[in-house]
Amino acid sequence: MNDVSIIGLGQTEVKEMWGTSIRHLAWYAIEAALDDAQVSKVDALFVGNMAAGQLSSQMHLGALVADFAGMRGIEAVTVEAADASGGAALRQGILAVKSGLVETALVVGVEKMTDQVGSPVTAVLASTLDADYEAIHGLTVAGMGALLMRRYMHEYGVSVDDFANFSVNAHANGAANPLAMYRNRLKAERFASAPPVATPVTLFDAAPSGDGAAAVIITRHERAMDMVPQPVRIAGSALATDTLALHDRKNLLHLRAAEISAQKAMAAAGVSHDDIDLFELHDSFTVVAALSLEAAGFAAPGEGWQLARDNEIGRNGRIPISTFGGLKARGNPGGATGLYQVVEVARQLRGQAGDNQIPDAKIGMAQNLGGSGATAVTHVLRTDS
């Protein structure tokens, strides 16, 4: 089976971009990726997006973006998997290249989350949950995060303060990332005193929504080695699903899809936990960061928060996470988030992370979650240099 490598990277700053259309935003990331790869044409385009139809009044992004990017006529589709849309779009691009039917694929995640504010955005985010059994009763994404956090605190005897270092670490890394939405540092003692969003979740627990786009260009690894000096191999890739509704799960605190996708991607890559130099996880809430570390096998159930407490998630820790700020400080641009994670891992492996660089990073993992973890997409990247 053909191995697949990344030859081009592109991303925009994550922020509020009221004066930028979704087509322009996608193009900025695509242009950067094309320039990085030194290519002018691709065979297929996969667009990751979750909410343009509701927040930007624009669907049919595959054709729209292909047309605006000067690629009229190519195969182009939109991939939707809630917040995991970006990771899922890359998964489809990988499968296309592996099949041999597509030689070079462009994958872009794009989202405009801030053109509307307040209840319309809350309603759109709630649509990623189970409409018939959760959203209809008023459950929101923040409410879901609160349920998980309160259950975790109850089961494992931890307090709100015990989650602080997830956000402290994210903001410390985001402060050094010129593309991050929030570049302010956060003191641990300020964490629990932040305004509540959905008790016990506070403003410093939850990742902020922003506008952004990120893109990668992929091709067969053998071809990539002749095209660019530092191809980043996608050594493992897997997508898994779980029940959409939380109440249908045997264990609310077990992200089963995250576990399955991590295990499959790591097995495909032939790596163990000790081999992984960094992990870009989906820290939409601090409790989700803890649960992701546990599901991926970096901590036992109920012990993910201890990695934050013991500073094992920092750039010099045992398993660095959120190395460019994560969703918490870089910002969460919805369906584009999964591509940001992959771009950030690839930059680390290329040695192009600047002040955020993980020393001697050779293997990195990115995991993108959708909804309350009903979809999980994991990619293991490595460099041969």
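That block above? That's the structure.
This structure is a prediction, so every number in the text was calculated from the model and none was measured.

Chemist: Where do I start with the nonpolar core in this structure?
Modeler: Soluble globular proteins tend to bury their nonpolar side chains together. Counting 66 residues, the largest nonpolar core has Phe-163, Phe-166 and Leu-293 as its most contacted members. Beyond its immediate sequence surroundings of up to four residues, Phe-166 is in contact with Thr-286, Ala-289, Ala-290, Leu-293, Gly-304, Trp-305, Ala-308, Ile-313 and Ile-321. Formed by 38 residues, the second largest nonpolar core is a distinct cluster that contains Leu-9, Val-14, Val-102 and Val-342.

Chemist: Sorry if this is basic, but what is going on with the pattern of salt bridges here?
Modeler: The final tally for this structure, using the stated rule, is 15 salt bridges. One salt bridge connects Asp-36 with Arg-350, and the closest N-O pair in it is separated by 2.8 Å. Of the two residues, Asp-36 is situated in helix α1 (residues 22-37) and Arg-350 in helix α14 (residues 337-350); the sequence distance between them amounts to 314 residues. You can call Arg-350 buried: its relative accessible area is 11%. Across the salt bridge formed by Asp-115 and Lys-112, the nearest N and O atoms sit 3.3 Å from each other. Since its relative accessible area comes to 36%, Asp-115 is described here as partly exposed.

Chemist: Please explain the environment of Ile-136 as it appears in this structure.
Modeler: Looking at the element boundaries, Ile-136 is found in the loop between α5 (119-126) and α6 (141-156). Overall, the relative accessible area of 61% leaves Ile-136 in the exposed class. Here the alpha-carbon distance between Ile-136 and Asp-360, two residues 224 residues apart in the chain, equals 49 Å.

Chemist: For this particular structure, what's the right way to read the pairing of strand β11 (residues 375-382)?
Modeler: The two faces of the sheet receive side chains in turn, since in a regular strand these alternate between them. Among the eight residues of β11, seven are classified as buried, and the element is accordingly described as predominantly covered. Bridge analysis of strand β8 (residues 232-241) against β11 gives eight bridges, and the strand direction is antiparallel. By the bridge assignment, Ala-240 is partnered in β11 with Ala-376. Bridging between strand β10 (residues 363-370) and β11 involves eight bridges; their strand directions are antiparallel. Looking across to β11, one finds that Leu-369 is bridged to Ala-376. Hairpin geometry of β10 and β11 is characterised by an intervening segment of four residues between the two adjacent antiparallel strands and by a positive phi of about 60 degrees at Gly-371.

Analysis parameters
Residues numbered from 1 in each chain as written. Predicted model: local features only at pLDDT ≥ 70, side-chain atom pairs only at ≥ 80, totals over all residues. Heavy atoms only, no water. Core = buried A, V, L, I, M, F, W, Y, C linked by side-chain atoms within 4.5 Å. Buried < 20%, exposed > 50% of the residue type's maximum accessible area, 1.4 Å probe, protein only. Contact = heavy atoms within 4.5 Å. Salt bridge = Lys/Arg side-chain N within 4 Å of Asp/Glu carboxyl O. Helix = DSSP H or I, 4+ residues; strand = E, 2+ residues; numbered from the N terminus. Pairing = 2+ DSSP bridges.

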